[in-house]
Amino acid sequence: MAGTGGPVASFSVWDYVVFAGTVVGAAGIGLFQAVRGRNATTTDEFLLGGRQMSAVPVAMSLTASFMSGITVIGTPAEAYRFGSAFWLFGFSYAIMSIVTAEIFVPLFYRLGITSTYEYLEMRFSKVIRVIGTTMYIIQTALYTGLVIYAPALALNQITGLDLWGVLVATGVVCIFYCTLGGLKAVIWTDVLQMVIMLAGFVAVIARGAVIQGGLGKIWEDAREGGRLEAFDFDPDPLKRHTFWTIIVGGSVMWVSIYSINQSQVQRYISCKTMRHAKMSLYVNMVGLWVTVSLAVFSGLTMYSIYKTCDPLTNGDVGAADQLLPYLVMDILAAYPGVPGLFVAAAYSGTLSTVSSSINALVAVTVEDFVRPLWQNLTEKQMSWINMGLSVFFGFLCIGMAGIASLMGSVLQAALSIFGMISGPLLGLYLLGMFFRTTNSTGGLAGLVTGLVVTLWVGIGSQIYPATDDKTNPLSLSTASCNNTAGQNYTTLAPWTTTLTPSTQGHVTAINDRPAIADTWYSLSYLYLCLLGILATMAVGLLVSLITGGRKQERLNSELFVRKSDLFCFSCRSDPQTSQLIEKAGSDLKIGADNSQFTDSRFDMEKVTKF
């Protein structure tokens, strides 16, 4: 009987068939795009899809690339243990979409850049661009390793397949279709994988509703268990999830992910017009709402089933991130192929994120390191370099999965990585986009200071995790557990792993905790990004003022956000203006080669008038 603890089923033949079909389908899309575009082998085609993508597939790719296997596995476990507060991120997604679409898209689209970090050289200096690119590569490699590790662990526990065999297989599949098909393959594969992810959630919720007697019973159980008390207005910045940490800290963190992260920027600047680029972000917002809602409700479904027999406390699983895979095998094993669909959902999230990361890492490496050093390479040589770098970064991310296995709860660890590194970087971009007085000395000083502060707090919080009074785990019971209940299945038991939940692992004796661990290190991980931004901007402005600012230099107005960039979704432009701003394909020059950027006689009012 579901919800009484003990062993659960393992994969059936049909589960393997469904799972394998998903992987083959992803690889097939890469092969199809490679064959379809065999005569278009330019770097622009490989990295940006020829800048001819439309809004809807790009939007689904934007959603899929950061709604990864971590979301599929981690978010339901979050709702199960801590309640539905995570759903408040829906407000953060709305704020993020508006800010990114109305502030960052016009700037990046107007400059015609391929690498986000080209802007840092245009605005500050080559050194800052290289530092920014290096920070991004480190962040993305770490994050991608975590993304590979989490679902591979779940697949290992459900199927018994070798963990590192699964990790390597994940990387190889992504390398295959990234190397062959470039960005178009990544985007169209993401569309398929997004559909599979949502289908996995729906399967869990539907079966749970049948077992529990309807969606109303699940909702009532969640209410009685305190899982629906999402609106905690306590302003304490040390509490892990409150209304303010999610709305303020979460919004800033997601802005850093979508506005300057190469994996995301590369998608919306691949759109054929600015209107499509903005539309892709707003459609993506709806996709994020649907995904987080289904993920959270999957967690509430899991609580309804296990409210009196918690598998984690009962020892049926070794980590919170294995709860949903355990549930799937508990309630869906009687339906051959359905558990395979769930694992395919988690795996699809992984494939979409890893492929996005590989493609973005290739883009920044080519634009920020290869082109400046070897400017006379032919398109055929660049094509081989692109494919070679795809292979290199694929195996690098596989290697990083080993480090990721030591980082605790996958969901919080993933978001913490972005807070620690993206926060200072976003602060640097804001300094460049809004403050003309900021110079390269100030920008560099601010970036280094912000990075030191966020790494200090972030690493400290990993060593000394916040106590339960700050993380607020909700009560769970094992009153109805029956480990000896009749089971007709064989299983890999017990489910154990080196991956430990954030509030139950990394246990440090109370007497060994320094005083700073319960103050500075207990800062909500969602505020790491905001902390990095504030430190970077404060130091950057101060040092710039001390060192004389940029009064002696005349800066190009294209490098700054302008009033005409804001809230112009209706694009009230005349045909001539549209031709200037919504360039497509080979007509759009990149970075410093853009004549609109280098020609001081160019009338900017015509470009940005809406």
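Calculation criteria
- Residues numbered from 1 in each chain as written.
- Predicted model: local features only at pLDDT ≥ 70, side-chain atom pairs only at ≥ 80, totals over all residues.
- Heavy atoms only, no water.
- pLDDT = per-residue confidence, 0-100.
- Helix = DSSP H or I, 4+ residues; strand = E, 2+ residues; numbered from the N terminus.
- Contact = heavy atoms within 4.5 Å.
- Buried < 20%, exposed > 50% of the residue type's maximum accessible area, 1.4 Å probe, protein only.
- Axes fitted to C-alpha atoms, helices over the stretch in contact; angles between N-to-C directions.
- Parallel < 35°, antiparallel > 145°, perpendicular 65-115°, else oblique.
- Left-handed = near helix turned anticlockwise from the far one by under 90°.
- Nonpolar A, V, L, I, M, F, W, Y, C, P; charged D, E, K, R; others polar.
- Expected span 1.5 Å × (residues − 1).

**A few points about the confidence of the model for the chain**
For any part of a model where pLDDT is low, the fine detail of the predicted coordinates should not be relied upon.
1) Next: When pLDDT is averaged along the chain, the result is 76; 74% of the residues meet or exceed 70.
2) Next: For the chain, per-element mean pLDDT is lowest for helix H20 (residues 575–581), which scores 36, and highest for helix H19 (residues 528–546), which scores 94.
3) Next: Every residue in residues 40–50 is under pLDDT 50, and counting partners more than four places away or in other chains gives 42 contacts.
4) Next: Note that pLDDT drops below 50 for residues 568–610; the model gives that stretch 86 contacts with residues more than four away or on any other chain.

**As for the environment of Pro336**
1) Next: For Pro336, the location among the structural elements is in the loop between helix H13 (323–331) and helix H14 (338–373).
2) Next: A residue is classified by how much of its surface remains accessible, and Pro336, at 52% relative accessible area, is exposed.
3) Next: For the pair Pro336 and Val18, spaced 318 residues apart in the sequence, the C-alpha separation amounts to 9.4 Å.
4) Next: The residues touching Pro336, leaving out its near neighbours within four places in the chain, are Ser12, Trp14 and Asp15.

**Quick word on the packing of helix H5 (residues 89–111) against helix H12 (residues 274–306)**
1) Next: Between H5 and H12, whose axes approach to 9 Å, the crossing angle comes to 165 degrees. When the interaxial angle is binned, H5 and H12 end up roughly antiparallel. Along this stretch, H5 crosses H12, giving a crossing that reads as right-handed. Every residue of H12 that contacts H5 at Gly90, Tyr93, Ala94, Met96, Ser97, Ile98, Thr100, Ala101, Glu102, Val105, Pro106 and Tyr109 is listed here: Met274, Ala277, Lys278, Leu281, Tyr282, Asn284, Met285, Leu288, Trp289 and Val292.
2) Next: Counted by class, the contact of H5 with H12 contains 16 nonpolar, four polar and two charged residues.

**Description of the packing of H12 against H13**
1) Next: For the pair H12 and H13, the least separation of the axes is 11 Å and the interaxial angle reads 60 degrees. You can see that H12 and H13 cross each other, and the crossing is left-handed. Contacts between H12 and H13 pair Met302, Ile305 and Tyr306 from the former with Leu323, Leu324, Tyr326, Leu327, Asp330 and Ile331 from the latter.
2) Next: Looking at the contact of H12 with H13 residue by residue, the classes come out as eight nonpolar, no polar and one charged.

**Remarks on helix H4 (residues 69–82)**
1) Next: Under the 1.5 Å per step criterion, the end-to-end length of H4 is 20 Å for 14 residues, consistent within 8% with the ideal 20 Å.
2) Next: Most of H4 sits inside the fold, with 14 of its 14 residues counted as buried.
3) Next: Downstream of H4 by a residue or two, Gly83 has a phi angle that is positive, lying close to 95 degrees.

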